Every structure is written in structure tokens, then in C-alpha cells.
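# Report on the structure
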Amino acid sequence: MGREPQQVSYTVEQLVSVNPYNPDILTELENYVNEQVSSQTYSLDANLCLLRLYQFDPTRLSIAIVVRILIKALMAMPAPDFSLCLFLIPEPVQADEQIKTLIVLSHYLETARFRQFWDEAAKNHSLLEVVPGFEQAIQAYAIHVLSLSYQKVPRPVLAETINIEGLSLDKFIEYHVANSGWVLEKGTGRSQLIVLPRNEFNHPGLKKNSSDGMPFEHITRIFPVLS
Amino acid sequence: MANSYDYDDASFDSRYARPPSSGQGGGAAAELSYDPNFVPDSVKTFVVHLYRHIREKNVYEIHQMYEGSFQRLSDRMFRENPWPSVEAIAPYVDNDHVFCLLYREMWFRHVYARLAPTGQQRVESWDNYCSLFGVVLHGVVSMQLPNQWLWDMVDEFVYQFQSYCQYRAKLKNKTEEELQLLRQYDQAWNVYGVLNYLQALVEKSAIVDILEREKDGLEQFTATDGYDYEGGTSNVLKMLGYYSMIGLLRVHCLLGDYHTGLKCLGPIDISQQGVYMIVIGSHISIIYHYGFANLMLRRYVEAIREFNKILLYILKYKQYHQKSPQYDQILKKNEQMYALLAICLSLCPQSNIIEENVNIQLRDKYNEKMTKMLRYDDEAYAVYDELFTYACPKFITPSAPVLEESLINYNQDAYRLQLKLFLYEVKQQQSLSGLRSFLKLYSAISIGKLAAYMEVDESTMRTILLAYKHKMHSVDSDGKIIPNADIDFYISEDIIHVVESKPTKHYGDYFLRQVLKFEEMISELDRVKLD
């Protein structure tokens, strides 16, 4: 039930939203994955669409593409994209060595075992380096989790979580002090403390009382009644 | 792995109460006495009247015949046999093409519900749906049909697709004849076709636009239950489009694609009254799949909230559906949702978010199991396994079978994958339950002390704390972070400060719903003319 070739060429995103159940777009979606990798962009919908097409026709499944999709999904953490992708990948494919490694890496990240994660990632450098921006994305996730949890985080903890030490860490902290509202403090016993910006998760006072907030458009529904 | 999962058309998933005498064995004996060309008088009357009512657009009468007469005749005369063939009744209805398609749809549905369909019948049913939807999509249908019927069409379409995927994945005991059929009709119930039909119905009906315009007050849709009382234009395409969104949610859940499933449901706002509530089957189907998808996406509070609402609704209103043919299905889904609720509450305990009556039912059924699940030992995983297996959708492998190699049964593969990944997620949350029970006891505690109590080293303690934060904050479809836990904390250097969140009662929401409900009641009463 595919459509006839159009005069105007659709972008991939348009294809995915307008005509996703069509085996003819499979190659385009694969190219789009490679494009996401090289241009450091990301589209969950397009990648899920491709994984579905692989599910419908397993003979066309490409392990290399699946690996790239999974790495991109890891980089999207804390979003559950990695699990979403795994739900669509048949078990025999998940037994592939590269994918098994990625599952282990995901497990470490999901359970906040950052030290083990960075160790394992170092061992599999060749697998991960095909996707530029991987390290930075994971570091962003790490900082996100720290920001959820800590008002003041000790320097060694930060170092282990984002896998940066020494002078590089100094520069990293400097950058965030200047741009992200971090503040340095002295902790107990001359250790360095990084004070993270306040948000509703690490400062309970800021918790938005969304209990009775309602979107205005819902209220408009009873205007006819009130008048 | 629980072995009670074997999907079988004849087993618990049948939508009607199966009379004890019928079953696969009835096939051979019944065939001898079944003459597809014999049309009993009652059937003659039935089709003639139904045809007339459809032509006269008498939706109420159509509904009575569809829900009532059809069931009664099936019960009385067609317990073990199919209805007369469409060729036999066609002369009584002017050989009307569309009526024949509708009749055949009901014919096949009856076979699926009460008998066991053969491979040939499955393929023919697919052809019938293609023709029926083809006619509707061409926009040439002018009739108005009851919503119940239109919902049943979409529901049955997805159900037969799911059933066929299971059927063709069980290759081990197939006869050569059956295998030949699979080879020959390899396009029947292909997943592209199914999805594209549903998508086409959504698009052609412009239902998304209609719902959008309704928000601006430019369209009457929900207010008239989807019917067009004044103009008399057909509601068929519109409603099929609407229900197809739910159909798409369901198919995507069966494939394991929860994200896209929820996206397909996007245009329907389940926090408001809507057309989806008119037919109780569609209401339950939406919430069941919505809740399940959110559970797999770790949005526990959202799932709990929706399950709570629907379970309360069923508690209040199920008595009115006791006579309906959907009653068994309603009860079944009810039980499954209690199981899912038990799972959600074990993974993400909440206080005061469940209605009292629902809570009583839940504790009745699952108190022991929930206690077990919280312990996170081996027995706990067995309980998670059991409940998940009982309550999950019947996942499918959508790809066509490879008929050349050794023939095995692979119909459980999809389910096994989902179960495995689910249990994997449960395992990752293992230490969180212990942490939570300790956090309940303190307002502030040092990491060192807590580590000692939990018998781990400090570094592991920090890891567990971060993991708790990560798992208990889900990411919604807009990328926003949503907290799920009822017990939260923040860490300042070495000290954990515990924060207990207040349960939120949505008074505003409640009042809004009541105001609208009473307004509706009042205007209905106003319409009553006393003569």
C-alpha cells in the first residue's frame, strides 16, 4: 500500500509522520541514522520507525545501523529511549556482541554506576567513537542526575561521575561556574564543594505546587454553564 | 517462566461466554448438520428488518437488533454453527453490496467468538475487511451506524490480526494443507496492510482536524456522540477514524512500540470527557493500553492515576452491562488492570492516590503478592513474572513466517522479550525499595550512617541514591522531568535531607467534571417532554 513517488521530495520527518508503514522508506531511514550520527542530531521517531520496519522484515536488518541507533539512544538519557529501542529488537539480534556491550553500558548508566560505566566505555572505545558527541552527552546526563540529587556535591564525586580529573576538571568547573550558575565552596576538611543551581528537585522549597493548577482551556469548558 | 500464557483462540481471550458444549470438537459433528444455504425464518426476518433500519438510518433500532436480536439468535440457533452464508441471505436484502459486507463482518465475528476459525476463514475475513474499509474510505457510505458496532469493527479487526499472527507463528502442528494456505495467501493480515488501513481511516476521516476544531467551538462532535442528528450525514468514516486511533495504540503496544502508540492516541484527550467513553469497550481499551504503555515507559504515577479512574468507573457501572455480550471482556480487563496497578504500586509506592473503594478491591486481590514484590527476593521476581504474564497484551511477531526451514512454534517470542526486559527493569530497581524504607524513618541522615545500615560502602551508597533519583523521575513526551516518588531527598555534601511530598488531590479537576456532568443531566432532563 505504498504511495506513488511524489514530485516534491518529502523530508524524512515528514515521511515518518505521514507514511511510516511503508517498506520503501527503509533505506532513507537508514541514511537518516547515519546523518544523525555525523551531524550530531537525533530523532527518536524516525529511529523507532526504522526498528519497526526491521521487525516487519527481519531480512533487512542491519546490525551496524542498530548499533548506531542504540548509541544515539544512550546519549538521549535520561529519556528511556534505549529501552524503547530494545523492546523492538528481537532477542537473537540482542545476542550480538556489540549490542550486548551496549546493554551493559546502559545498565551501568541506569543504575548510576558511573565509575564502572567509564571503565567499560574505555574498553570499548572503538565501538563508541563512531558516534561523535558520545562522551559529552553522557556527561550531560551525569550532571543531570547530580543536579536532581545534590545541592552541594564533593569534587571527587563529580570527578568520578563525569570522568574528568585534574586540570581538565578545573577547566570544566570554571566553564560551568561562568555559564551554568555553579558556585565553588569550601567543604569540610578542605575539600572542594560544587554548589549546583537550585531547581525543584534538589530544593524542596522550589517544588511547584502543581496540585490544583489547571490549563485555562479546561476552565473555558464551563463558561457556557456559568453564563 | 509462567506457562499459562499459551495463546489459544478458544481460551480466556474469547469475548463472549462460551457455552460448555461448544469447542473445537464441535466442528466435525456440526458440519454435517450445517447447511450454509438454509435460511431459517427468524434470520430472514432479522436481515430484512436490519436492512430496512439501516436504510432508514434508524440508529436506535439498528442498535437494538445488533446488540439484542443478533445475540439472542446466535444463542438460540447458532451455538455450534455459523450463521447462514451471505449468498443465502443476499436475495432478501436486494443483494445490497454494503449490507452484505456488514453481514459478513458479523458472520466472521460470530465464528471467532463461538467456534474456531479455519485458516481459510481467517483469510476470507481479511478480504472482507479490505472490501469493507475500501468502501468506507471511498466516502460512498451514507448510513449511520451505532457507535457500538463501529467500535466492534475496529476492535475485532485488531483482534483478528493479533489472532492471525499467533496462528501463523505456531507452525509445529500445522497440516500440509494449512501450510499451503499460508504460502498462497501470504498477504493476508500482513502488518503493513493492517497499519495502513487504520492510518488511512484516521487520515481520510480528518478526525484529528475535527477534534482540533471542536476545541475552538467550530465543530459539534462530542456533544452529539459523533452522530449527525440534523444533517444526517454518515458517521461511519468519522467514527471509524476516531476508533482507529485507539486501534493504532493497540497495535503498537502489541509490537512493543509504546512511544509511537501513545503518539497515535495524542489527539484524544483522556483527561476530558469524550466520545471514547460512550462505548465502554473503547473506554477500557484506551485506558488499559495507555496505562500499560506508561508502565513500560516508567511513568508510574500517570499509569496509576488512569488505572485508578477506570477501575472506579467499572466498579460503579459494571452492573449495567451484565447482560451485554461484552461483560466477560470487561471483567477480564478489570482483573488485568488490578494486576497492573499492583505492579505499579510495588515499583513506585504512593500514598493517597488511589480511591478508597479501588484500594479495598486491590488489597483483597493482591495484598499478599504486593508484599512479596516489595521484598525483591527470588519469590518477588516470580510474582512480577506471574502478574505481568497475566496482565500484558498478547504481543505478536509481525513478520511473515519462514516456511521452508524446520517448523517451530515461535508465537511466544515477542511476549518473552517484553517479559525479559520488564524483569530486567525490575531488577535494576532492586535496591530502591530498601532505600525507601530507610528514608521513611529519617528527616536527615549522613551518607556514612545510611551506608552502614544498608550494609554497603559509601561509594555504593551514593550510587544507590543517584539511581533512586534517576528511576523515580520519568521523562514525559515533551522532555519534561516528572517526579514519581512519594519520598524524595536532596544531598548536601554528606547529609541526606528527606522530603516527603504531599499527595495532590485534584479538586479543581473533580469540580470541573461534576459541573459538566450535572449540566449535561440538566439539559437532558430539559429535553424530556411530558405529554
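Residues numbered from 1 in each chain as written. Chains lettered and ligands numbered in written order. Predicted model: local features only at pLDDT ≥ 70, side-chain atom pairs only at ≥ 80, totals over all residues. Heavy atoms only, no water.

## Considering the overall build of chain A
- Each helix and strand counted, chain A has 14 helices and 3 strands in total.
- Intrachain contacts of chain A at a sequence separation of at least 6 include 53% that bridge at least 24 residues.
- Accessible surface for chain A amounts to roughly 11000 Å². Of this, 53% is attributable to carbon and sulfur atoms. (Helix = DSSP H or I, 4+ residues; strand = E, 2+ residues; numbered from the N terminus. Contact = heavy atoms within 4.5 Å. Areas by Shrake-Rupley, 256 points an atom, 1.4 Å probe, with all protein chains shown as cover.)

## So, the overall build of chain B
- Scanning chain B from terminus to terminus reveals 22 helices and 5 strands.
- By the compact-globule yardstick of 24 Å for 531 residues, chain B fits well, its C-alpha radius of gyration being 26 Å.
- A principal-axis box enclosing the C-alpha atoms of chain B has dimensions of 85 × 70 × 40 Å.
- Put simply, chain B has 531 residues, and 58% of those count as buried.
- The contacts in chain B between residues at least 6 apart in sequence include a share of 74% that link residues at least 24 apart.
- Accessible surface for chain B amounts to roughly 23000 Å². Of this, 51% is attributable to carbon and sulfur atoms.
- Across chain B, the 55 positively charged side chains and the 69 negatively charged ones have centroids separated by 3 Å. (Rg over C-alpha atoms; globule rule 2.2 N^0.38 Å. Buried < 20%, exposed > 50% of the residue type's maximum accessible area, 1.4 Å probe, protein only. Lys, Arg positive; Asp, Glu negative; His and termini not counted. Charge placed at Lys NZ, Arg CZ, Asp CG, Glu CD.)

## A look at the UniProt feature "domain: PCI" (unreviewed entry) in chain A
- Cross-referencing UniProt, the feature "domain: PCI" (unreviewed entry) maps to residues 42-201 of chain A in the present numbering.
- A helix fraction of 64% and a strand fraction of 8% characterise residues 42-201 of chain A, whose end C-alpha atoms lie 27 Å from each other. (UniProt positions renumbered as here; feature names shortened; annotations may be inferred.)

## Section: the interface of chain B and chain A
- In this complex, chain B contributes 61 residues to the contact, which on the side of chain A involves 67 residues.
- Buried surface at the junction of chain B and chain A, both sides included, amounts to about 5700 Å², of which 62% is carbon and sulfur.
- Of all residues in chain B, Tyr192, Leu466 and Glu493 of chain B give up the largest surface area on contact with chain A, accounting jointly for 13% of the area buried on that side.
- Across the chain B-chain A interface, the total number found is 5 salt bridges.
- Measuring nitrogen to oxygen at the nearest pair gives 2.6 Å for the salt bridge that ties Lys471 of chain B to Glu110 of chain A. (Buried area = accessible area lost by both parts, 1.4 Å probe. Salt bridge = Lys/Arg side-chain N within 4 Å of Asp/Glu carboxyl O.)

## Here we look at the pairing of strand 4 (residues 487-492) of chain B
- Counting buried positions along strand 4 of chain B gives 6 out of 6 residues, so the element sits mostly inside the fold.
- On strand 4 of chain B, burial covers both faces: Ile487, Phe489 and Ile491 of chain B on one face and Asp488, Tyr490 and Ser492 of chain B on the other are all buried.
- Pairing geometry for strand 1 (residues 150-154) of chain A and strand 4 of chain B, over 2 bridges, is parallel. If you follow Lys152 of chain A over to strand 4 of chain B, its bridge partner there is Ser492 of chain B.
- Note: strand 4 of chain B against strand 5 (residues 495-500) of chain B, 6 bridges, orientation antiparallel. (Pairing = 2+ DSSP bridges.)

## Re the environment of Ala142 of chain A
Residue and element names in this part refer to chain A.
- Looking at the element boundaries, Ala142 is found in helix 10 (residues 134-149).
- Ala142 sits 18 residues away from Glu160 along the chain, and the two C-alpha atoms are 9.9 Å apart.
- Excluding residues within four positions of it along the chain, Ala142 makes contact with Phe114, Thr161 and Ile162.

## Examining the pairing of strand 5 of chain B
- Where strand 1 (residues 444-446) of chain B meets strand 5 of chain B, 3 bridges bridge the pair, whose relative direction is antiparallel. In the sheet register, Ser446 of chain B faces strand 5 of chain B, and the bridge partner there is Ile495 of chain B.

## Here we look at the environment of His321 of chain B
- Summarising the element assignment, His321 of chain B is placed in the loop between helix 14 (300-317) and helix 15 (327-347).
- Excluding residues within four positions of it along the chain, His321 of chain B makes contact with Ile280, Tyr327 and Ile330 of chain B.

## Details of the packing of aromatic side chains
- Scanning the entire structure with this criterion turns up 40 aromatic pairs over all chains.
- A ring pair is formed by Trp83 of chain B and Tyr103 of chain B, whose centres lie 6.5 Å apart and whose planes are at 70°; its orientation type is edge-to-face. One end of the pair, Trp83 of chain B, is in the loop between helix 3 (59-77) and helix 4 (86-89); the other, Tyr103 of chain B, is in helix 5 (residues 97-114), and 20 residues separate them in sequence. Grouping residues by exposure puts Trp83 of chain B and Tyr103 of chain B together as buried.
- Between Phe133 of chain B and Tyr197 of chain B, the aromatic rings sit 5.9 Å apart at their centres with planes inclined by 50°, giving tilted as the arrangement. Taken as a pair, Phe133 of chain B in helix 6 (residues 119-137) and Tyr197 of chain B in helix 9 (residues 191-204) lie far apart in primary sequence, 64 residues in all.
- These aromatic residues form a ring-pair network of at least three members: Phe87 of chain A together with Tyr258, Phe292, Tyr376, Tyr381, Tyr384, Phe388, Phe395 and Phe422 of chain B.
- The ring centre of Tyr167 of chain B lies 4.3 Å from the NZ or CZ of Arg122 of chain B, which sits over that ring. (Phe/Tyr/Trp six-rings, centres within 6.5 Å; stacked < 30°, edge-to-face > 60°. Lys NZ or Arg CZ within 6 Å of the ring centre and 35° of its normal.)

## Focus on the pattern of salt bridges
- Across all of its chains, the model carries 33 salt bridges over all chains by this definition.
- The salt bridge involving Arg298 of chain B is made with Glu110 of chain A; its shortest N-O contact spans 3.2 Å. Of this pair, Arg298 of chain B sits in the loop between helix 13 (280-296) and helix 14 while Glu110 of chain A sits in helix 7 (residues 97-110), which puts the two residues in different chains. Like Glu110 of chain A, Arg298 of chain B is buried.
- Counted as one network, the salt bridges with shared partners bring together Glu110 of chain A together with Arg298, Glu425 and Lys471 of chain B.

## Brief notes about the packing of helix 4 (residues 63-75) of chain A against helix 10 of chain A
Residue and element names in this part refer to chain A.
- Following both chains from N to C, one finds helix 4 and helix 10 inclined at 35°, their axes separated by 8 Å at the closest point. Residue-level inspection shows Ile71, Leu74 and Met75 of helix 4 in contact with helix 10, the latter providing Phe134, Ala137 and Ile138.
- Each residue belonging to the contact of helix 4 with helix 10 can be placed in one class, and the counts come to 6 nonpolar, no polar and no charged. (Axes fitted to C-alpha atoms, helices over the stretch in contact; angles between N-to-C directions. Nonpolar A, V, L, I, M, F, W, Y, C, P; charged D, E, K, R; others polar.)

## So, a nonpolar patch on the surface
Residue and element names in this part refer to chain B.
- A cluster of nonpolar side chains, namely Tyr507, Tyr510 and Phe511, defines an oily patch on the protein surface of about 370 Å² accessible area.
- On the secondary structure map, Phe511 appears in helix 22 (residues 507-527).
- The class of Phe511 is exposed, set by a relative accessible area of 54%. (Patch = residues over 30% accessible without salt bridge, like charges linked within 9 Å, V, L, I, M, F, W, Y side chains within 5 Å.)

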